[in-house]
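# Secondary and tertiary structure notes
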Amino acid sequence: MSSRLALTSSLAPRETAFSFMCRLAARNALPVGVFGNDMDIPFSSIVVGKRDAILRLSEISGASCDDLLAWTPENTGDREHQFRGQTFHAKAVKETTVRGCPICLRQDSESADGPPAEAMALRGHWMLRPATICLHHRHPLVPLWHEAEPARRYDTASRFAEIAEAVLSGSLDRPLRDASPFDLWFETRLAIEHGSQGNWLDQFSLYPAAHFCELLGRAAFATKIPKWKKMPPERLWCCFDLGYTFASKGEEHIRDALSQLQQLIGTPTDGPKKKFGDLYDRLAHDLTGEDYRPFRDLLRDHIATTWPLGPGDALMGEPVLERRVHSVLTAARETGIDARRLRKLLSEAGWVKPAGEGREDAWELFDAVAAAPFLQSLGSGVNAPELREKLSISRSQFDLLRQDGYFAPTLGGAGHKPLWDIQAGRSFIDGLLTGATPIYVPMHDWSDIASAAQRLKIRPGQIVSMIEGRKLTRVGKHLGRDGYAAILVDFAEVERRLERPEAKGLSIELFAKTAGLRHRTAMRLVRDGHVPTTEGMNPKTKAKQRFLSPADIDAFHRRFVTLRHLAALLGLSWQSLRTILKDASVAPFAPDGEDIGAIFEWEVIEKLFCCRWPTPIRRVL
């Protein structure tokens, strides 16, 4: 077989290698799979951008290997692709819907003598999610076909044969539009050798920067299109461009845009997740890589300095450990002083603007740390009914907790009613909620302290003591309640911590939940003998089943710790701690090299993290 085919084709500008191979196969009257086998070039290798396969394709076709590589994404593993000198996530470069410019495709067909399927070429930049327009024809990129199976999706000659009539008839044409500033910026950045356009985004990797523009723009559009409603694909370019309008000008303009959204969307008491939607959710939970760190840190810092968050709240998926900013409303709740009276006092002292001049109480903010002495000076004693009302504690719970040594009055003695410091009471509640998981709707084993104590026939003070001593790994905050009533505990975990002889232990599934593990991770640890178990009888089925007794669970906590529990202990975000551990060469526990999640051995942490952990602490994580 000769090294060069007799029947070949010319490579179209920006054409991908797999599109060219499909046209070459069609030119030789063969399906692309058969053609690849005959030429010893697996089509799948071309689709993923393997260089040796593309070099072989260049040799048999005479097309430039550099040109083929230039516009073909290369799969580098871990769902990432290299393209135009940039890293793209698989979802950004290989969507199941293939888009293109019908005018370009018509011109391909008109300039060739053969069938349209042999002439129509798929351009590499069409594959990128942020690319929404053909700059040459001002035509939006339109869906050409949808195919979940990659081998069929990228068999472009076969797919073009199916839609050729629609392309040539103009039925896929859409109204033209001018390129947006984002479109022009994105196109320029695709050039491997490009100069800075003088905007803030040029310092970052291309796709994370473009993705941030999309998320910021979608958050801004929530003022007109609800966050739960999906943006129509033909209007997606508006999100990229609106976000780019703010982001290209730098941090100050981004913060200003976020502040405006806080005022326009929802009510003042809505949290950042409800205000910002996917912008918050994706950066907090999904987009945790280093390329997204600048955008994540910017959003985190903005929220921390413009939102009255305190202990019991969560920020970017992590618990807030101390308050940085107060609003008039949160300060009123903490001090127990009427909001109208407190605002007057704060404005007279210069901390806030008077009512009517500044913002509403929920958003009139001031420095919580600097103002702490002033707020403390306003503290005055309240009687028991007032304290119970401010802290959302029932009379029966309050009386029981007092008998257990909690809520001692600030001023007591014979001859007058005892008085309590409302700020001290609020501080105590906040301390119990430090590191708590936000809970919108309590389900499964989540229970408030009063209900859990009643079901277990114990005093509420025993549960409070467990929380204080950090013996409970699962403490929640009911977002629909305030004060003591908002504290939630895991009923099964409380029952286990009581160390009752009749308690059979936890199922593996329930143990995984209480320990913060994925179910398959817990199963793997148990199956391989890394976590001991005890055989018992299932109370419902009466069948023999493996359980984890209190001793088994203590053995686990003596040996292992999860990333989130360690982060809570150290007062760090789990993202920051993960970086610190990586820098210290502390690797997650990986039996037989298998990734089972962010779980670490204490022995390894003690050896490489330069810190010796006391045994009592390990047992309560």
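Just so it is clear, the structure is predicted and the values come from calculations on it, not from any experiment.

What counts as what
As a convention, each chain's residues are numbered from 1 in the sequence order in which they are written. The model is predicted, so local features are restricted to residues of pLDDT at least 70 and side-chain atom pairs to those at 80 or more, both for listing and for counting; the totals for chains, interfaces and linings are taken over all residues. Only hydrogens and water are set aside; all other atoms, that is, all heavy atoms of the structure, feed into the side-chain values. For the purposes of this entry, the term helix denotes a DSSP run of H or I that reaches at least four residues, the term strand denotes a run of E that reaches at least two, and both are numbered from the N terminus. Exposure classes here rest on a 1.4 Å probe applied to the protein chains alone. A residue is buried below 20% of its type maximum, exposed above 50%, and partly exposed in between. In this analysis, two residues are considered to be in contact whenever any of their non-hydrogen atoms come within 4.5 Å of each other. Under the convention used throughout, the expected extent of a helix is 1.5 Å for every residue step, that is, one less than its residue count. Our arc is simply the arc of the directions from the helix axis toward the C-beta atoms. At least two DSSP bridges between two strands are needed for those strands to be called paired. Here, patches come from residues exposed beyond 30% relative accessible area and free of salt bridges, joined within 9 Å for like charges and within 5 Å for nonpolar side chains (Val, Leu, Ile, Met, Phe, Trp, Tyr). Surface accessibility follows the Shrake-Rupley procedure with a 1.4 Å probe radius. Residue values consider only the protein chains on display as shielding. Within this document, salt bridges are pairs made up of a side-chain nitrogen of Lys or Arg and a carboxyl oxygen of Asp or Glu, the two lying within 4 Å of each other. Lines are fitted to the C-alpha atoms to define the axes, a helix being fitted only along its stretch in contact, and any angle between axes, read from their N-to-C directions, falls within 0 to 180 degrees. In protein, a polar contact requires one atom able to donate a hydrogen and another able to accept it; more generally it is a pair of N or O atoms within 3.5 Å, and residues adjacent in sequence count only if both atoms are side-chain atoms. Two rings from Phe, Tyr or Trp (for Trp, the six-membered ring) form a pair when their centres sit within 6.5 Å of each other. Planes less than 30 degrees apart are called stacked, planes more than 60 degrees apart edge-to-face, and all others tilted. Put simply, a charge is over a ring when the Lys NZ or the Arg CZ is close to the ring centre, within 6 Å, and near the line of the ring normal, within 35 degrees. Note on terminology: a nonpolar core comprises buried Ala, Val, Leu, Ile, Met, Phe, Trp, Tyr and Cys residues joined through side-chain atoms within 4.5 Å.

Tallying secondary structure elements over the protein chain gives 33 helices and 22 strands in all. Viewed in the frame of its principal axes, the protein chain has a C-alpha envelope of about 110 × 70 × 45 Å. Residues counted as buried form 49% of the 621 residues belonging to the protein chain. Summarising the internal contacts of the protein chain: among those between residues at least 6 apart in sequence, 63% fall at separations of at least 24.

Given 3.6 residues per turn, any residue in an α-helix points the same way as the ones three and four places further on. With 14 residues, helix H14 (residues 251–264) extends 20 Å from end C-alpha to end C-alpha; this agrees with the ideal 20 Å at 1.5 Å per step. Every buried residue of H14 is listed here: Ile-254, Ala-257, Leu-258, Leu-261 and Gln-262. For H14, the angular spread of buried residues about the axis comes to 145°, placing them on one side. Seen from the open side of H14, the exposed residues pointing more than 90 degrees away from its buried face are Glu-252, Gln-263 and Leu-264. Residues of H14 that are buried sit in contact with helix H12 (206–221), helix H13 (236–247), helix H15 (272–276), helix H16 (278–286) and helix H17 (293–306).

Moving on, we come to the pairing of strand E16 (residues 475–478). Residues Val-475 and Lys-477 line one face of E16 and the alternating positions Gly-476 and His-478 line the opposite face, and both faces are buried. The pairing of strand E14 (residues 437–439) with E16 spans three bridges and is parallel. By the bridge assignment, Thr-437 is partnered in E16 with Gly-476. Bridge analysis of E16 against strand E17 (residues 487–490) gives three bridges, and the strand direction is antiparallel. Residue pairing in the sheet places Val-475 in a bridge with Val-489 of E17.

There is a patch of nonpolar side chains on the surface, built from Tyr-440, Val-441, Met-443 and Leu-479 and spanning about 430 Å² of accessible area. Within the secondary structure, Tyr-440 is located in the loop between E14 and strand E15 (446–448).

The next subject is the sheet that holds E17. Reading across the sheet, the four strands line up as E14-E16-E17-E15 and stay open at both edges, with mixed pairing between neighbours. The open sheet has two edge strands, E14 and E15, and neither has a second partner. The mean angle between the axes of side-by-side strands here comes to 40°, regardless of whether they run parallel or antiparallel.

In terms of backbone geometry, most residues other than glycine have negative phi values and most peptide bonds are trans. Phi is positive for Asp-78, which is not a glycine, with a value near 55°. Counting through the fold element by element, Asp-78 comes out in the loop between strand E1 (74–77) and strand E2 (80–83). Classification of Asp-78 as exposed rests on a relative accessible area of 71%. Positive phi outside glycine occurs at Ser-392, with the angle close to 55°. Mapped onto the elements of the fold, Ser-392 is located in the loop between helix H21 (384–391) and helix H22 (395–403).

Quick look at the side chain of Ser-248 now. By the element assignment, Ser-248 lies in the loop between H13 and H14. Ser-248 sits in the buried class, given a relative accessible area of 14%. For Ser-248, the side chain forms a polar contact with the main-chain oxygen of Tyr-244, separated by 2.7 Å. Dropping the residues within four chain positions of it, Ser-248 is found in contact with Asn-199, Trp-200 and Leu-201.

What follows deals with the sheet that holds E1. Taken in spatial order, the three strands line up as E1-E2-E3 in an open sheet, and their pairing is antiparallel. Of all strands in the sheet, those with a lone pairing partner are E1 and strand E3 (86–89), marking the two edges. In this sheet, adjacent strand axes meet at a mean angle of 40° when their direction is disregarded. In this sheet, E3 lies alongside E2 in antiparallel orientation, the contact comprising four bridges. In the sheet register, Gln-82 faces E3, and the bridge partner there is Thr-87.

For the structure on display, the rule yields 22 aromatic pairs. Here the aromatic cluster, defined as three or more aromatic residues joined through ring pairs, consists of Phe-182, Trp-185, Phe-186, Phe-240 and Tyr-244. The ring of Phe-491 is capped by Arg-455, whose NZ or CZ atom sits 3.6 Å from the centre of that ring.

What follows covers the pairing of E17. Residues Ile-487 and Val-489 point to one face of E17 and Leu-488 and Asp-490 to the other, with burial holding for every one of them. Across three bridges, the pairing between E15 and E17 is antiparallel. Each bridged residue has a counterpart across the sheet, and for Ser-447 the counterpart in E17 is Val-489.

Let us look at the nonpolar core. Ranked by internal contacts, the top residues of the largest apolar core, which has 94 residues, are Leu-57, Phe-186 and Leu-279. Among the elements that take part in this core, H12 stands out by supplying 10 residues, more than any other. In this view, Leu-57 contacts Ala-17, Phe-20, Met-21, Leu-24, Ile-41, Ile-46 and Leu-68; residues no more than four positions away in its chain are not counted. In this structure, Phe-407, Trp-420, Leu-456 and Val-464 belong to the second largest nonpolar core, which totals 32 residues.

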